[in-house]
Amino acid sequence: MKIDNFLKIIMSPKIFSYTLIWLIVLVFFGTIAQKNIGLYASQMKYFSSFFFLFLGFIPLPGGRLILLFMTINLFSSLFKRNLWQLKKFGIIIVHLGGLLLLLGGGLTAYFSSEGNMIIAEGETSNYVDDYHDMELVFVNNTFKDSIEYTVVDEPLLKEGNRFNLFENGPEIYILSNIKNVRIENRISPADSIYKGLLEKFVLLPKKPEPENTQNRPALIYKIQGTSNGLDGIYGLFLGQGLNDYFQLKEQDFHSEYRRKRTYVPFEIELIDFEKIMHPGTNVAKSFSSEVNLIEDGIPRRTLIKMNEPLRHKGYTFFQASFIENLDKETTVLATVKNYGRLFPYISSIIMSVGLLIHLLISLPKMIKKKST
Amino acid sequence: MNWPYYLNKYLYLFLFLLFAIFSCGKDNHIRTYRLPKKAIEISASATSNSDDEFKLKWKKPESWIEFDGHSMRLASFYVPYSKGKGELSITNFVGMSGSIEANINRWRGQISLAPESMENIMAVSKSYNGRMGNFLFFELANKNINQAILASIFQLENSTVFIKLLIDQSGLDEVTLEYLRFSQSLSKYEE
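Rules and cut-offs
Residues numbered from 1 in each chain as written. Chains lettered and ligands numbered in written order. Predicted model: local features only at pLDDT ≥ 70, side-chain atom pairs only at ≥ 80, totals over all residues. Heavy atoms only, no water. Helix = DSSP H or I, 4+ residues; strand = E, 2+ residues; numbered from the N terminus. Rg over C-alpha atoms; globule rule 2.2 N^0.38 Å. Buried < 20%, exposed > 50% of the residue type's maximum accessible area, 1.4 Å probe, protein only. Contact = heavy atoms within 4.5 Å. Lys, Arg positive; Asp, Glu negative; His and termini not counted. Charge placed at Lys NZ, Arg CZ, Asp CG, Glu CD. 1 Å grid on protein atoms, 1.4 Å probe; cavity = no way out; pocket = protein on both sides within 12 Å on 5 of 7 lines; lining within 4 Å. Points joined across faces, edges and corners; volume = space filled by probe spheres on them. Nonpolar A, V, L, I, M, F, W, Y, C, P; charged D, E, K, R; others polar. Pairing = 2+ DSSP bridges. Axes fitted to C-alpha atoms, helices over the stretch in contact; angles between N-to-C directions. Core = buried A, V, L, I, M, F, W, Y, C linked by side-chain atoms within 4.5 Å. Domains from an automatic or database assignment. Buried area = accessible area lost by both parts, 1.4 Å probe. Salt bridge = Lys/Arg side-chain N within 4 Å of Asp/Glu carboxyl O. Phe/Tyr/Trp six-rings, centres within 6.5 Å; stacked < 30°, edge-to-face > 60°.

**Focus on the overall build of chain A**
Next up, step 1: Regarding its fold elements, chain A presents 6 helices and 18 strands.
Next up, step 2: Radius of gyration (C-alpha) of chain A: 27 Å, far over the 21 Å computed for a compact globule of 372 residues.
Next up, step 3: Principal axes of the C-alpha set define a box for chain A whose edges measure 95 × 55 × 45 Å.
Next up, step 4: Put simply, chain A has 372 residues, and 42% of those count as buried.
Next up, step 5: Taking the intrachain contacts of chain A between residues at least 6 apart in sequence as the baseline, contacts between residues at least 24 apart amount to 53%.
Next up, step 6: Each charge class in chain A can be summarised by its mean position, and for the 41 positive and 36 negative side chains these summaries are 18 Å apart.

Structure (structure tokens):
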């Protein structure tokens, strides 16, 4: 009996209506918030969260929780006894289409990745830098033919977090995870606890920019438990270039703080980058990248233009931007891997077909009603 | 066409699957992987220079401009900053080419600083590890005449490589990090 009541509640079409209204509210506030906190922060706060704090202290449901409720509600509504009738066949199809759309959204939210592949002319790349997520990397340079990377993901890099890099290895203690920093020379000698970069420089927090990609994130961490005098406080920032070298497990390491890197199972070589400017201006009219897509050592020449992306093995490479250097140009390809890419198209078609069927089924009844 | 009510068990299965998916941890661990060195070298490739047998490669900041300097130099760069530019040189000498003390005091003299003892010189030096091995870094500055020198000394097996940047003292804050990155990127060019 209790289960029946529970089912009645979660099947209720009222839940669908309320969640839809709440989504409209979220879209409204999320769009306005973009101006002050930037697109990414707004998306994270209103749409990619289960809860967010309104006015800093009132917890309200975020987009992810609402869409979860909507999915459960829509799915459970398929179990209504009176739905499964021939005259409601169109409605069933519309429900299935809507459900597919929501599932596609879930797949995109949880399993898609996006970032930039940055390649200079004549160079080759096989990885994508995430727009937002960072990673702490310990690079082992000891081996003759290879480099070993030990990568710590962003969720472990929260302030106060501790972890061991290797079994029985030294402990890493995250002292500070800074969203945006400025780097300044030290004006007085550093305390002996500061090592590497921090012996000469200080990392000072700076007001984060609304657009996450314009920030220079930094990490200050402590290594403790080494036996060779490496214990101390180290600092890293994005694009540092000046590496801190040290020995761990009697092997040579250096550390890096970089955008989360995803390797793709092929390589892209930039042969030539071309841009056409609007006459008399510095505004780019169009730009394109002539690339070699190299897979299993076999190159395939192709052109990536604005609105004409390269699609390969589930990845899509869009011509997004470029960097103009003195000697050569560098292309920036926005790279997306989205498992739910086709879901909106398929579900839209299904819902359209469902609405059409429903209209055709209802039409005789409507005509009859009108004539009487 | 009534939906068989006993199939409601699938609803619970669906709810469980949703719960499982949303419970999935996303990238919150430590992982290790290896990549061949060759791929890394390509992405970090830089310029080589000099017609001599001893060749170096490096990764320089975009803003630095190479110019033809003294014939004794392996390379010369203008190092711009907001109020002017410094001049950087790379030289290589067989053996030590004078002691560290002699070289540093010679450079100190160039910016009107009094000579220092070896002990004091080493006390203010910093050791860094670069692609070509350990090097000693020195920062010499004379506020009175607004002149400074940043220097790196690499003591290799058969020779010594010197990097020296002569710049206004007021420009040090802007260029020191780039200078150290450059020093660290220096490595032997092997064809």
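**Side note on the overall build of chain B**
Next up, step 1: Secondary structure assignment for chain B yields 5 helices and 11 strands.
Next up, step 2: Of all 191 residues assigned to chain B, the portion counted as buried reaches 40%.
Next up, step 3: For chain B, long-range pairs separated by at least 24 residues make up 50% of all intrachain contacts whose partners lie at least 6 apart in sequence.

**A closer look at empty space enclosed by the protein**
Residue and element names in this part refer to chain A.
Next up, step 1: The final tally for this structure, using the stated rule, is 1 cavity of 30 Å³ or more.
Next up, step 2: Taken as a whole, the largest cavity holds about 70 Å³ of empty space.
Next up, step 3: Contributing to the lining of the largest cavity are Ser 113, Glu 114, Gly 115, Val 128, Asp 129, Asp 130, Thr 262, Tyr 315, Thr 335, Val 336 and Lys 337.
Next up, step 4: Of the residues assigned to the lining of the largest cavity, the class counts are 3 nonpolar, 4 polar and 4 charged.

**Quick word on the sheet that holds strand β7 (residues 171-178) of chain A**
Residue and element names in this part refer to chain A.
Next up, step 1: The antiparallel open sheet is built from 4 strands, whose spatial order is β6-β7-β10-β11. One side of each edge strand has no neighbouring strand; the edge strands of this open sheet are β6 (162-164) and β11 (232-237). Each neighbouring strand pair of the sheet contributes to a mean axis angle of 30°, computed without reference to strand direction.
Next up, step 2: Here β7 pairs with strand β10 (residues 218-224) via 7 bridges, running antiparallel. Across the sheet, Glu 171 pairs through a bridge with Gln 224, a residue of β10.

**Considerations on the nonpolar core**
Next up, step 1: Counting 41 residues, the largest nonpolar core has Leu 56, Leu 88, Ile 90, Val 161, Phe 182 and Leu 186 of chain B as the members making the most contacts within it.
Next up, step 2: Excluding anything up to four places from it in sequence, Val 161 of chain B contacts Phe 54, Leu 56, Ile 90, Thr 91, Asn 92, Met 132, Ser 152, Ile 153, Phe 154, Leu 156 and Leu 186 of chain B.
Next up, step 3: With 23 residues, the next largest nonpolar core counts Leu 74, Leu 83, Trp 84 and Ile 92 of chain A among its residues.

**Overview of the domain arrangement of chain A**
Residue and element names in this part refer to chain A.
Next up, step 1: According to the domain assignment, chain A consists of domain 1 (1-77), domain 2 (82-111 + 339-372), domain 3 (113-126 + 262-337) and domain 4 (130-261).
Next up, step 2: Domain 3 and domain 4 are separated by 30 Å when their C-alpha centres are compared.
Next up, step 3: Every contact between the two is made by 6 residues of domain 3 and, on the other side, 5 residues of domain 4.
Next up, step 4: Of all residues in domain 3, the largest losses of buried area upon contact with domain 4 belong to Glu 114, Thr 262 and Tyr 263, amounting jointly to 71% of the total for that side.
Next up, step 5: Taken together, the links from domain 3 to domain 4 amount to 0 salt bridges.
Next up, step 6: Broken down by secondary-structure element, the contributors of at least two residues to the side of domain 3 that touches domain 4 are β3 (113-120) and β13 (251-277).
Next up, step 7: Of the residues forming the side of domain 3 that touches domain 4, the biggest block, 3 residues, is contributed by β3.
Next up, step 8: Residues that form the side of domain 3 that touches domain 4 fall into these classes: 2 nonpolar, 3 polar and 1 charged.

**Looking at the packing of aromatic side chains**
Next up, step 1: As enumerated under the stated definition, the model contains 27 aromatic pairs over all chains in all.
Next up, step 2: Ring geometry for Phe 273 of chain A versus Phe 287 of chain A: centroids 6.1 Å apart, planes at 45°, classification tilted. In this pair, Phe 273 of chain A sits in strand β13 while Phe 287 of chain A sits in strand β14 (residues 284-295), placing the two residues 14 residues apart along the sequence.
Next up, step 3: By relative accessible area, Phe 273 of chain A is classed as buried at 3%.
Next up, step 4: An aromatic cluster is defined as three or more aromatic residues linked by ring pairs; in this entry it consists of Tyr 128, Phe 135, Phe 137, Phe 154 and Tyr 179 of chain B.

**A short note on the pattern of salt bridges**
Next up, step 1: If you walk through the whole model with that rule in mind, you get 14 salt bridges over all chains.
Next up, step 2: As a salt-bridge pair, Asp 153 of chain A and Arg 31 of chain B come within 2.6 Å of each other at their nearest N and O atoms. In this pair, Asp 153 of chain A is assigned in strand β5 (residues 146-153) and Arg 31 of chain B in strand β1 (residues 30-36), connecting two distinct chains.
Next up, step 3: Arg 73 of chain B is paired through a salt bridge with Glu 87 of chain B; the nearest N and O atoms lie 3.2 Å apart. In this pair, Arg 73 of chain B is assigned in strand β5 (residues 73-81) and Glu 87 of chain B in strand β6 (residues 84-94), connecting sequence segments 14 residues apart.
Next up, step 4: For Arg 73 of chain B, a relative accessible area of 26% gives the class partly exposed.
Next up, step 5: Relative accessible area serves as the criterion here: at 33%, Glu 87 of chain B is assigned to the partly exposed category.
Next up, step 6: Taken together, the shared-partner salt bridges in this structure form one network comprising Glu 135, Asp 153, Glu 256 and Arg 258 of chain A together with Arg 31 of chain B.

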